[in-house]
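One letter stands for each residue in the lines below.
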Amino acid sequence: MLTIRDALAWASRRLEINGIASYALDARILLRHALGYSDLDLVRGVMYLSEEQEVRFRGLVSRREQGEPIAYLIGKKEFMGLELAVDQRVLVPRPETELLVEKALALFGSTYGSAPPSTTMVSDESHPLIADIGTGSGAIAVSLAKNLPHATVYGTDISADALAVARGNSVTHGVAAQVTLLQGHFLQALPGPIYVIVCNPPYIPQEEIPGLDRDVRDYEPTVALSGGKDGLNAYRSIMPNLSTYLLPGGFALFEIGFDQAAALRALAARHLPGARVDVYQDLAGFDRVVQVSQVVPADPES
Ligand code: SAM
Ligand code: GLN
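## So, the packing of helix α1 (residues 4-17) against helix α2 (residues 23-35)
Okay, step 1: Taken N-terminus to C-terminus, the directions of α1 and α2 make an angle of 130 degrees; their axes are 8 Å apart at the nearest point. With respect to α2, the axis of α1 lies oblique. Judged by the twist between their axes, the crossing of α1 over α2 is right-handed. Packed against α1, whose contacting residues are Ile4, Ala7, Leu8, Ala11, Ser12, Leu15 and Glu16, the element α2 presents Tyr23, Ala24, Asp26, Ala27, Arg28, Leu31 and Leu35 at the interface.

Here it is in structure tokens:
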């Protein structure tokens, strides 16, 4: 029989020799999950694992050894302070993507992020339409709906499997009535023009996929990762239709790869001439979010 201490030491070692950098933390998270305990229970030490708990724990550790992401093993990931259900049908929401949500919330003068510059100030949009195109787990759509209770949020995805996960998350977090999930191509699935469109599309160049961490490459859906030859396919397909799907004075926010800002600027200049483009950096200092702000047509009376 394994004690808690022995189980942790054994799992840490197994994960370490299998190249898992966060071996000690992962061992702890998996043990907690296998036992259904809190951290406090772990330190108080119910001393021995039952046979059933040991089998469960060994199974989890062996899957982690192969590189399966912790979030899939425990079936959840925190995003914008919300616990989201995730599994292999969806990309695990990334911390960088919180910047995209914060910038979207800032457009509404929400307490998140800084106040928008006056040129992009939202007028009297009290019941705004928002769309998260390529919604995956629904991380962006659900967190926007939670923070903006008067907004109507659409989430689109090509993957019916992903939409099933997003639906579960919208129900769990009590925003199912606010969030409409639609299957189809990014913008084309939307019923009409939208005020704020948010998008974290697949943007990794195809040839970089084989070199990704195995946790990502071997487990996350390829449709959520691969942006075609140069990573820009999704943007190239969305940008020409953006002005049709944006309300006058509306905004689009895209997550991008660290070296893609110039390409996004060029696409926006070509397809939305006159729109303002801002690029924001993530906490690591990399370009991560591009904001395209439609200019409100001048009022001929004034
Ligand atoms: N929004 C989620 C997030 O930020 O965690 C998931 C982002 S993931 C990088 C990209 C998502 O776009 C995946 O869920 C994928 O299924 C979806 N997707 C890929 N191609 C698409 C397409 N042509 N139309 C709609 N969604 C697409
Ligand atoms: N940031 C993700 C990664 O590098 C990529 C997600 C995406 O393509 N949108 O794993």
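## A word on the pattern of salt bridges
For side chains bearing opposite charge, pairing can occur when the charged atoms are close.
Okay, step 1: Applying the stated criterion across every chain, the model contains 13 salt bridges.
Okay, step 2: Arg13 is paired through a salt bridge with Glu16; the nearest N and O atoms lie 3.9 Å apart. Pair noted here: Arg13 and Glu16 are both in helix α1, with a separation of 3 residues, about one helical turn.
Okay, step 3: Judged by relative accessible area, Glu16 falls into the partly exposed class, the value being 37%.

## Observations concerning the site of ligand 1
Okay, step 1: If you check the shell around ligand 1, you find 18 residues, and the closest are Gly134, Asp157, Phe186, Asn200 and Ala224.
Okay, step 2: A distance of 3.1 Å separates a nitrogen atom of ligand 1 from a polar atom in the side chain of His185.
Okay, step 3: Phe186 has a polar backbone atom sitting 3.0 Å from a nitrogen atom of ligand 1.
Okay, step 4: Contact with the protein chains covers 94% of the free accessible surface of ligand 1, which is 600 Å².
Okay, step 5: According to the grid-proximity analysis, the pocket containing ligand 1 is the largest pocket.
Okay, step 6: Residues of the shell around ligand 1, tallied by class, amount to 9 nonpolar, 8 polar and 1 charged.

## Things to note about the nonpolar core
Across soluble globular proteins, nonpolar side chains show a tendency to be buried alongside one another.
Okay, step 1: Membership of the largest hydrophobic core comes to 36 residues, with the highest contact counts inside it found for Ile133, Ile197, Leu242 and Phe254.
Okay, step 2: Taken together, the elements giving at least two residues each to this core come down to β3 (129-133), β6 (194-199), α10 (233-245), β7 (246-255), α11 (261-271), β8 (276-281) and β9 (287-293).
Okay, step 3: Sorting elements by how many residues they give to this core places α10 first, with 6 residues.
Okay, step 4: Beyond its immediate chain neighbours, meaning those up to four positions away, Leu242 contacts Leu187, Ile197, Ala252, Phe254 and Leu272.
Okay, step 5: If you look at the next biggest cluster of nonpolar residues, it comprises 32 residues, including Phe79, Ala139, Ile140 and Leu253.

## Quick notes on the layout of surface pockets
Okay, step 1: Of the pockets and cavities examined, the largest pocket occupies roughly 850 Å³.
Okay, step 2: Lining the largest pocket are 43 residues, and of these Asn200, Pro201, Pro202, Tyr203 and Ala224 sit closest to its centre.
Okay, step 3: Looking at the lining of the largest pocket residue by residue, the classes come out as 21 nonpolar, 12 polar and 10 charged.
Okay, step 4: In this structure, the second largest pocket encloses a volume near 650 Å³.
Okay, step 5: Considering the residues around the second largest pocket, the lining is formed by 23 residues, among which Pro69, Ile70, Ala71, Lys77 and Val92 are closest to the centre.
Okay, step 6: Contributions of two or more residues to the lining of the second largest pocket are made by α2, α5 (70-74), β1 (76-79), β2 (82-85) and α9 (214-217).

What counts, and at which threshold
- Residues numbered from 1 in each chain as written.
- Chains lettered and ligands numbered in written order.
- Predicted model: local features only at pLDDT ≥ 70, side-chain atom pairs only at ≥ 80, totals over all residues.
- Heavy atoms only, no water.
- Axes fitted to C-alpha atoms, helices over the stretch in contact; angles between N-to-C directions.
- Helix = DSSP H or I, 4+ residues; strand = E, 2+ residues; numbered from the N terminus.
- Parallel < 35°, antiparallel > 145°, perpendicular 65-115°, else oblique.
- Left-handed = near helix turned anticlockwise from the far one by under 90°.
- Contact = heavy atoms within 4.5 Å.
- Salt bridge = Lys/Arg side-chain N within 4 Å of Asp/Glu carboxyl O.
- Buried < 20%, exposed > 50% of the residue type's maximum accessible area, 1.4 Å probe, protein only.
- Near = heavy atom within 4 Å.
- Polar contact = N/O pair within 3.5 Å; in protein donor to acceptor, adjacent residues only side chain to side chain.
- Areas by Shrake-Rupley, 256 points an atom, 1.4 Å probe, with all protein chains shown as cover.
- 1 Å grid on protein atoms, 1.4 Å probe; cavity = no way out; pocket = protein on both sides within 12 Å on 5 of 7 lines; lining within 4 Å.
- Sits in = over half its atoms within 2 Å of the grid points.
- Nonpolar A, V, L, I, M, F, W, Y, C, P; charged D, E, K, R; others polar.
- Core = buried A, V, L, I, M, F, W, Y, C linked by side-chain atoms within 4.5 Å.
- Points joined across faces, edges and corners; volume = space filled by probe spheres on them.

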